[in-house]
Each structure stands twice: as C-alpha cells, then as structure tokens.
Amino acid sequence: MRRLQAPSPVPEVCVIIAARDAADTIATAIASALRQPEVAEVILVDDASADRTGAAAAAADDGSGRLKLIRLSVNVGPAAARNRAIAAATAPLLCILDADDHFVDGRLGRLLSAPRTWDLIADDIIMVRGREAGSAAGLVTGPGRPQRLTLATFVAGNIPRPGAYRRELGFLKPVMRRGFLERQGLRYDVRLRLGEDYALYVEALAAGAVFAVTAPCGYVAVERANSLSAQHRTDDLAAILAFDDAMLDRPGLTPDARAALRAHRTATAKRWQHRRVLDRRRAQGYAAAVRELLGTPMAWRHILSVTLAAKLARLVPAAAPDPEIRPRLLLGPERRLEPVR
C-alpha cells in the first residue's frame, strides 16, 4: 500500500518586521520567520538604523528569495514602517514580528490550524528575559479552542495594573487577513509612535472584525526595560488620548465598549499628567512641578503612588536575580474570553 504524504503547508503569510538599531537581534527574528513553511515572504523595513541592522538582516537571508529589505533614510516610526511593508506585501495573510522577538518552529502551522472563522488570530505570547528564551518552547501547547476578543474586552485589557507584570492585550501579534484591512481601509495610525497596535486592533474590532485568541503556539517576546513600549513620552500619551477621544465620538459603539474606552482614556490621562509634572520639574524645577501637580487633582493618587514606589525602589537594595526564573505567558490560564463561534 502506498503511503500518502501529508500536503505541504501553503505559503500564504507575509511576516512584517519594522526594525531600528536591532543589529543584535534581527538575524534571530528573520531566521525564525523563514523557518516557518507557511511564510511566503518576510519584509524587513530598516527604519533608518544607525547600526548594522541592514547588514545583519541581509546576512540572515536563507537564499529562498522570500526576504525583502526596505531601507529608509529617515526614521518614520513603527506605524509608518509597517504600512510601507503592507503596501509591498503580496501574501493574503499579514503577521507582525517585532525585531527583538522570534517564532518557535511550527508557530504559524499551529496557529493556522485553528478554524478559519477569524479576521485576526493571535496566540498567547511567551514572555522571556534574555537567556530564558531557550526554554520558551516548553510553554507551547497549540491553539486549543480559540476564544474571541470583543471591543470592550480588548480595550479594558489594555489598562495597566499597578504592581503587576504588564499584560496589555495590545502586545498580541496576530495574523491578519489583508483583505479585511483593505475592505475597511485600515492601516497603522502614523500619528502614534506608541500604542499603534492598540489603535489598529480597536479600529478593526469597531469595524466588526472577528479577533480570535488561542493558547500559546510559539510567539516569543523578549522583555526589555528600554523597549519603545516601556517608554511613555508626553507627546506619545497625548496622541493615544486623542485616539480614544476620536473613538468615543464614533457612533454605533456598544455601551460596554464606550465604558471601556472612557476607562482607558482616564488611565492614560493620569500617565500623561504624570509625564507633564516630570517635564515641568525637568525644565523649570520643583516649584513649577508642584504647581503643575496642584492643577491635576484627579491624577494625584497615581502620581504620588508611582513616585513613592520609585523612591522606595531606590532605598531598598535590589534582590539578586533569580537564576531559576522562568518564562511567563502574557495572558495565562486565568484570562477568559468568549468562545469563537
């Protein structure tokens, strides 16, 4: 009896990587994408790097002809860089990979084995620190039964919890149907250099997207204190506030979605006001900072608690790193969403 071979995966995914000064990590990211049989193309946008990012990316080419490099002479930010890649893509599915992250082998095959009732699908992210990356594969379980994100759940899941690991749902890196983005006229908001993922997913969900989330399939994110997402500049936060305001003016949103957007705006406004106090202190001294603080009574509790925590952290000696620390999941088993139907 002749043995039947399993059909080869269809190369239908474009992996998009926007990179700036990522020479130390870009080769790992690109190689992990090229090892995925479902990948038809990898588009690397070098966003005016000052280091050897472009050369390191070119050296990671596997010779299959799937790697495309776009080099920008002026830094445009991750949103505009990703839009350049989307414009150059030809594959029907788009997948974002950050320049300092990588895929476990088989990640896309596991993710795409879920029923295709979605417009966007993401797996729980495996968060690692530095040398933990080698043990990340132990948390891969496969898609399981996908769950669905609603607009209200997604927005509420982007409000940070003080004193806890960051677990915002905007960190998810989905595979997206390019056709859906085209029909809805959606692209990354180039006015945002922080929160561009959050904004795109909010707009997609508001437009009726089915956003499925599965158990971990193998997206590995490296937590870095100096990452762009950890840096909240005043102008960046103001741009997110403006986005939330625009969404709140949008007709047709459900009451729970509006409530979540208002809560997200309030939390962002407190961080924005905190940055304004720090800016005023840096530019004009403590007296000016106190005057700024007195003008933001709704943010007092947030500002004072964050300031106190920072001062205590400087006073109390840091504990020695735990050599047994393990990777963690962004969402974990306790996050419950709606089943995808």
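Note: the structure precedes this text.
The rules behind these values
Residues numbered from 1 in each chain as written. Predicted model: local features only at pLDDT ≥ 70, side-chain atom pairs only at ≥ 80, totals over all residues. Heavy atoms only, no water. Helix = DSSP H or I, 4+ residues; strand = E, 2+ residues; numbered from the N terminus. Core = buried A, V, L, I, M, F, W, Y, C linked by side-chain atoms within 4.5 Å. Buried < 20%, exposed > 50% of the residue type's maximum accessible area, 1.4 Å probe, protein only. Contact = heavy atoms within 4.5 Å. Pairing = 2+ DSSP bridges.

> So what about unusual backbone geometry? Which residues, and what values?
Even without a glycine there, the phi angle at D21 is positive, about 55°. Examined against the element boundaries, D21 turns out to sit in the loop between strand 1 (13-19) and helix 1 (26-34). Positive phi, normally seen in glycine, also occurs at A48, with a value near 60°. Along the chain, A48 turns up in the loop between strand 2 (39-47) and helix 2 (53-59).

> I'd like a description of the nonpolar core, backed by residues and values.
Ranked by size, the top nonpolar core spans 89 residues in total, and within it V15 and I17 carry the most contacts. When residues of this core are assigned to their parent elements, the largest contribution, seven residues, is made by helix 7 (residues 196-206). Here I17 is in contact with I26, A29, I30, V42, I43, L44, V45, L97, D98 and A99, once residues within four sequence places are set aside. If you look at the next biggest cluster of nonpolar residues, it comprises six residues, including V104, I126, V128 and V222.

> Could you give me a rundown of the pairing of strand 10 (residues 211-214), with the residues and numbers involved?
Neither face of strand 10 is left uncovered, since the one carrying F211 and V213 and the one carrying A212 and T214 both have all their residues buried. Where strand 6 (residues 120-123) and strand 10 come together, four bridges link them in parallel fashion. Counterpart to I121 in the pairing with strand 10 is A212. Judged from the three bridges that link them, strand 8 (residues 147-149) and strand 10 form a sheet pairing that is antiparallel. Bridging across to strand 10, L149 finds its partner in F211.

> Could you give an account of the pairing of strand 4 (residues 93-96), with specific residues and numbers?
Burial along strand 4 is two-sided: the residues L93 and C95 and L94 and I96 are all buried. Bridge analysis of strand 1 against strand 4 gives four bridges, and the strand direction is parallel. Following the sheet pairing, V13 is matched in strand 4 by L93. With three bridges connecting them, strand 4 and strand 9 (residues 175-177) associate as antiparallel partners.

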